[in-house]
Amino acid sequence: MTNLRAIDIFVKALEGGSIASAARQLGISPAAASQNIARLERELGTRLITRTTRSMALTEAGERYLARVAPVLDELARAQADVSLVHGAVQGRLRVACMAAFGRHVLAPLLPAFQARHPQLELELLVTDRDVDVLKEDVDVSIRYRDVLEPGMSVRPLAAMPRFLYASPAYLEKHGRPQVAEDLLQHACLLYRRERDGRFMRWPFVRDGRRVDPGLRVAAIGTDIDALVELAVAGGGIVWAGSFITQRHVQEGRLVPLVLQPARKGRKAAPGPLLLEEVTLDFFACFRDRQYVPAKVRSFVDYLLEVLPGHPALAQAAVSEAGR
């Protein structure tokens, strides 16, 4: 009987583009993965993969074999998940990829309670803002915000996290508190730039119903939103950030949410006044397979949908709204 472990390594090597990739996914050494594939080839009496120092490619026999065994492995995984539900236990490995700030401030603190519900489930958390290839990296669930959703994947909305302007009490005492959006043009602003594509996360200014870029006085640019928040805490300027990142600083008095008025009373202007729209960070769970969502994935997403509405960041948003 052919070793299923060797078949799994073979399939993952082709999905990930290298034997080393398969080894990382399965937690074994590249040498052990290579030995398993070589053993599989000996059992079949044919070469499945041609390998060089820089690349690998399927032989004709390898292409035919992969087409047959890959669906079988998928069915075995589904069968295992379904049987586990009969016994009331979700088990196996669950690999979750998520944006760095969401992983640090929201997801990680929620995981112990989820693990307590499913002690036979092995969690692996990939926290990064880079592009994640869910197939090559064997990711079960990817959590992304709307602007960076992976194309072609099935998605499910998780939460809409509010964003506000924040500054430290020391900064506001020294430079004054902005009252309307126009005032922001005279303040030190801290801008976030996405490392994955170099794009700025522009503040959502509008005038007469149209998005505009009025030209802020930029004090600093950063590719890590946590670093920019810390810069704001130290008095470096005003930052626009998700409430889930700033909640601890607000609760402890290190940051103050800034509530702007639509426009100064009695002011008549043509064009109309500059406004700052209220925009949320909308997070989604992304799945590889539109037709079948494994039990472990369903359990994880259902848990997030249960606990995220009570997240402290949303409570902070309610407090900020009450202060308008």
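Note: the structure precedes this text.
Residues numbered from 1 in each chain as written. Predicted model: local features only at pLDDT ≥ 70, side-chain atom pairs only at ≥ 80, totals over all residues. Heavy atoms only, no water.

1. What to know about the sheet that holds strand β13 (residues 274–276)
Taken in spatial order, the 3 strands line up as β9-β8-β13 in an open sheet, and their pairing is antiparallel. Each edge of the sheet is formed by a strand with only one pairing partner; in this case those strands are β9 (210–211) and β13. (Pairing = 2+ DSSP bridges. Helix = DSSP H or I, 4+ residues; strand = E, 2+ residues; numbered from the N terminus.)

2. Some thoughts on the pattern of salt bridges
According to the stated counting rule, one finds 15 salt bridges in the structure shown. Notably, a salt bridge pairs Arg117 with Glu306, separated by 2.7 Å at the nearest N-O pair. In this pair, Arg117 sits in helix α5 (residues 100–117) while Glu306 sits in helix α9 (residues 295–307), placing the two residues 189 residues apart along the sequence. Salt-bridge contacts for Arg254 lead to Glu252; the nearest nitrogen and oxygen are separated by 2.5 Å. Several salt bridges converge on common partners, so that one network encompasses Arg93, Arg95, Glu124 and Asp138. (Salt bridge = Lys/Arg side-chain N within 4 Å of Asp/Glu carboxyl O.)

3. Quick notes on the side chain of Asp8
Mapping Asp8 onto the fold places it in helix α1 (residues 4–16). Using a relative accessible area of 19% as the deciding quantity, one classes Asp8 as buried. Dropping the residues within four chain positions of it, Asp8 is found in contact with Leu26 and Leu73. (Buried < 20%, exposed > 50% of the residue type's maximum accessible area, 1.4 Å probe, protein only. Contact = heavy atoms within 4.5 Å.)

4. Section: the packing of aromatic side chains
Within this structure, the stated rule accounts for 9 aromatic pairs. The interplanar angle of 35 degrees and the centroid separation of 4.4 Å between the aromatic rings of Phe102 and Phe283 together place this pair among those described as tilted. With a gap of 181 residues between them, Phe102 in helix α5 and Phe283 in strand β14 (residues 280–287) connect regions that are remote in the sequence. Of the residues examined, Phe283 reaches a relative accessible area of 2% and is grouped as buried. Ring geometry for Phe164 versus Tyr166: centroids 6.3 Å apart, planes at 85 degrees, classification edge-to-face. Here Phe164 and Tyr166 have matching classes, each one buried. What links up through ring pairs into an aromatic cluster is the set Phe102, Tyr145, Phe244 and Phe283. (Phe/Tyr/Trp six-rings, centres within 6.5 Å; stacked < 30°, edge-to-face > 60°.)

5. Overview of the pairing of strand β7 (residues 189–192)
Of the two faces of β7, the one lined by Cys189 and Leu191 and the one lined by Leu190 and Tyr192 are each fully buried. Bridge analysis of β7 against strand β10 (residues 218–222) gives 4 bridges, and the strand direction is parallel. Paired with Tyr192 across the strands is Gly222, a residue of β10. Inspection of the sheet shows β7 paired to strand β11 (residues 238–242) by 2 bridges, in the parallel sense. Note on β11: the bridge partner recorded for Leu190 is Val239.

6. Topic: unusual backbone geometry
Most peptide bonds take the trans form, and the phi angle of most residues other than glycine is negative. For Asp138, which is not glycine, the phi torsion reads 55 degrees and is therefore positive. Positionally, Asp138 belongs in the loop between β4 (121–127) and β5 (141–145). A positive phi angle, near 55 degrees, is found at Asp208, a position not held by glycine. Look at Asp208 and you get exposed, because its relative accessible area is 56%.

7. Here's the deal with the packing of α1 against helix α3 (residues 30–44)
As a packed pair, α1 and α3 sit with axes 9 Å apart at the nearest point and diverge in direction by 110 degrees. In terms of orientation, α1 lies roughly perpendicular with respect to α3. Helix-helix and strand crossings are classified by hand; for α1 and α3 the assignment is left-handed. Residues Arg5, Ala6, Ile7, Ile9, Phe10 and Ala13 of α1 form the contact with α3, whose participating residues are Ala33, Asn36, Ile37 and Leu40. Split by residue class, the contact of α1 with α3 holds 8 nonpolar, 1 polar and 1 charged. (Axes fitted to C-alpha atoms, helices over the stretch in contact; angles between N-to-C directions. Parallel < 35°, antiparallel > 145°, perpendicular 65-115°, else oblique. Left-handed = near helix turned anticlockwise from the far one by under 90°. Nonpolar A, V, L, I, M, F, W, Y, C, P; charged D, E, K, R; others polar.)

8. Observations concerning helix α7 (residues 225–233)
Of all the residues in α7, the buried ones are Ile225, Asp226, Leu228, Val229 and Ala232. Down the axis of α7, the buried set is contained in an arc of 160 degrees. They therefore lie on one face. Its buried side turned inward, α7 meets α5, β7, β10, β11 and α8 (243–251). Capping the start of α7, Asp224 holds a side-chain oxygen 3.1 Å from the backbone nitrogen of Asp226, two or three residues further along. (Arc of directions from axis to C-beta. Polar contact = N/O pair within 3.5 Å; in protein donor to acceptor, adjacent residues only side chain to side chain.)

9. Considerations on the nonpolar core
Formed by 64 residues in total, the largest nonpolar core has its most connected members in Ile143, Trp203 and Phe300. Setting aside residues up to four positions removed in sequence, Phe300 forms contacts with Leu94, Val96, Leu107, Leu111, Phe114, Val141 and Ile143. One finds Ala6, Ile9, Val69 and Leu73 within the second-largest nonpolar core, a separate group that totals 19 residues. (Core = buried A, V, L, I, M, F, W, Y, C linked by side-chain atoms within 4.5 Å.)

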